[in-house]
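Read off the chains here:
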Amino acid sequence: MLSHSIPPAAIAVNRPAASGPVVVSIPHAGRIYPPEILAAARVDPAVLERLEDSWCDLVAARADEAGAAVVQAIWARAVADLNRGEGQMAPGEVAMPLRAHFSAPGRKERAGLGVVPTRLADCGPLWKRPIDHAALHWRLESFHRPYHAALAGELSAARDRFGHAILLDLHSMPPIPPGLSGHGARIVVGDRFGATAGEAVVDRVMALAGELGVAVSRNQPYAGGHIVRTHGKPGQGVHAIQIEIDRSLYLTPHRLPDPAPVARLAAWFSNLLQEVGAIRPESEIFPQAAE
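In this text the structure is predicted, and so the values were computed from the model without any measurement.

A. Broad picture of the nonpolar core. Judged by nonpolar contacts, the single largest core of 42 residues is most densely connected at Leu 48, Leu 126, Trp 127, Leu 136, Phe 143 and Tyr 147. Counting residues per element, this core draws most heavily on helix α4 (residues 133-162), which supplies eight residues. Residues in contact with Tyr 147, not counting those within four places in the same chain, are Ile 11, Ser 25, Ile 26, Pro 27, Val 71, Gln 72, Ala 73, Leu 82 and Ile 227. Formed by 37 residues, the second largest nonpolar core is a distinct cluster that contains Val 59, Val 201, Leu 265 and Ile 279.

Right under this line is the structure:
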């Protein structure tokens, strides 16, 4: 197996003194732009910042109190999208020699939102040149692969210790527009339609999300991306759920943290982590004989 070193500025792995079975992933809240990225960009940093799940890491600020380990991206999403697979790019977004490797793009990839974000709708290409082999390799080897290796390591350690592990992949979203499935929901819980987590775990997360007093949707319009799809293996004792939070619940109109709502969400999320950490989903995997 290949080993991946974690560049010190790219990723943070924070473990509480007394860890439980829950691991939190925060892949899109990084705010550090390496010099290589700024030099390659044809747009201002403010444009690249639009890719961020702005400040959603503050929602998990009390995760250690709940005994949850946190794997967090420190580098920004513009470097690489950790919630996309390595093969998720549109051929037209990369240099010619790479195009054969990316032959079946989906809607997001065609829009420039692949494993390397390359375009935003109203500003054109983000980079001065198409992504070539060296640029892609650097982004994957320095950021994408170490992040997933770190997540896999934390989940494996939790499962070895507790018999199961629960991954909560934390994101923020803009308000869901009218006409889109899930419109009106402020929290979206995604489990890939039952594929990445046991029903008892998802039901508990849904109930706890409802305690915020806002509308909650399951899998609409966000069913979960590459992270939960890759790491969620409920049949092997690893449950993975994506949580999207409407960022208007905790940010000002200028996309800055609003202290009181941030504190409220941080307390709510810490309680959610404690409650989810107390779940024992093994019965869904290894049913016990009736007595």
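What follows continues from the structure just given.
B. Focus on the sheet that holds strand β6 (residues 165-173). Reading across the sheet, the seven strands line up as β1-β3-β2-β6-β9-β7-β8 and stay open at both edges, with mixed pairing between neighbours. In this open sheet, the two strands that pair with only one neighbour each are β1 (11-14) and β8 (216-218). Direction aside, neighbouring strands of the sheet carry axes that sit 20° apart on average. Each of β1, β2 (22-26), β3 (69-73), β6 and β9 (238-246) is contacted by α4, which is oriented at about 175° to β3, the strand it contacts most. Most of the contacts of helix α5 (residues 199-210) go to β8, to which it runs at about 160°, and overall it touches β6, β7 (187-190), β8 and β9.

C. Representation of α4 within the structure. Here α4 spans 41 Å end to end across 30 residues, near enough to the 44 Å set by a 1.5 Å rise per residue. The opening residue of α4, the one whose side-chain oxygen lies 3.3 Å from the backbone nitrogen of Ala 134, is Asp 132. Gly 163 sits one or two residues past α4 and shows a positive phi near 90°.

D. Quick peek at the packing of aromatic side chains. The full count for this structure, using the stated rule, is three aromatic pairs. For the ring pair Trp 75 and Phe 143, a centre distance of 5.6 Å and an interplane angle of 50° mean the geometry is tilted. Of this pair, Trp 75 sits in the loop between β3 and α3 (107-110) while Phe 143 sits in helix α4; the two residues are 68 residues apart in sequence, bridging distant segments of the chain. For Trp 75, a relative accessible area of 9% translates into the label buried. Ring geometry for Trp 268 and Phe 269: centres 6.0 Å apart, planes at 45°, overall tilted.

E. Inspection of the confidence of the model for the protein at higher detail. Chain-level statistics for the protein give a pLDDT mean of 92 and a share of 94% at 70 or above. Segment residues 1-6 is flagged for pLDDT under 50; beyond a separation of four residues in sequence, or across chains, it makes eight contacts in the model. Scored below 50 in pLDDT, residues 285-291 shows four contacts in the model against residues more than four places distant or in partner chains.

Calculation notes
Residues numbered from 1 in each chain as written. Predicted model: local features only at pLDDT ≥ 70, side-chain atom pairs only at ≥ 80, totals over all residues. Heavy atoms only, no water. Core = buried A, V, L, I, M, F, W, Y, C linked by side-chain atoms within 4.5 Å. Buried < 20%, exposed > 50% of the residue type's maximum accessible area, 1.4 Å probe, protein only. Helix = DSSP H or I, 4+ residues; strand = E, 2+ residues; numbered from the N terminus. Contact = heavy atoms within 4.5 Å. Pairing = 2+ DSSP bridges. Axes fitted to C-alpha atoms, helices over the stretch in contact; angles between N-to-C directions. Expected span 1.5 Å × (residues − 1). Polar contact = N/O pair within 3.5 Å; in protein donor to acceptor, adjacent residues only side chain to side chain. Phe/Tyr/Trp six-rings, centres within 6.5 Å; stacked < 30°, edge-to-face > 60°. pLDDT = per-residue confidence, 0-100.

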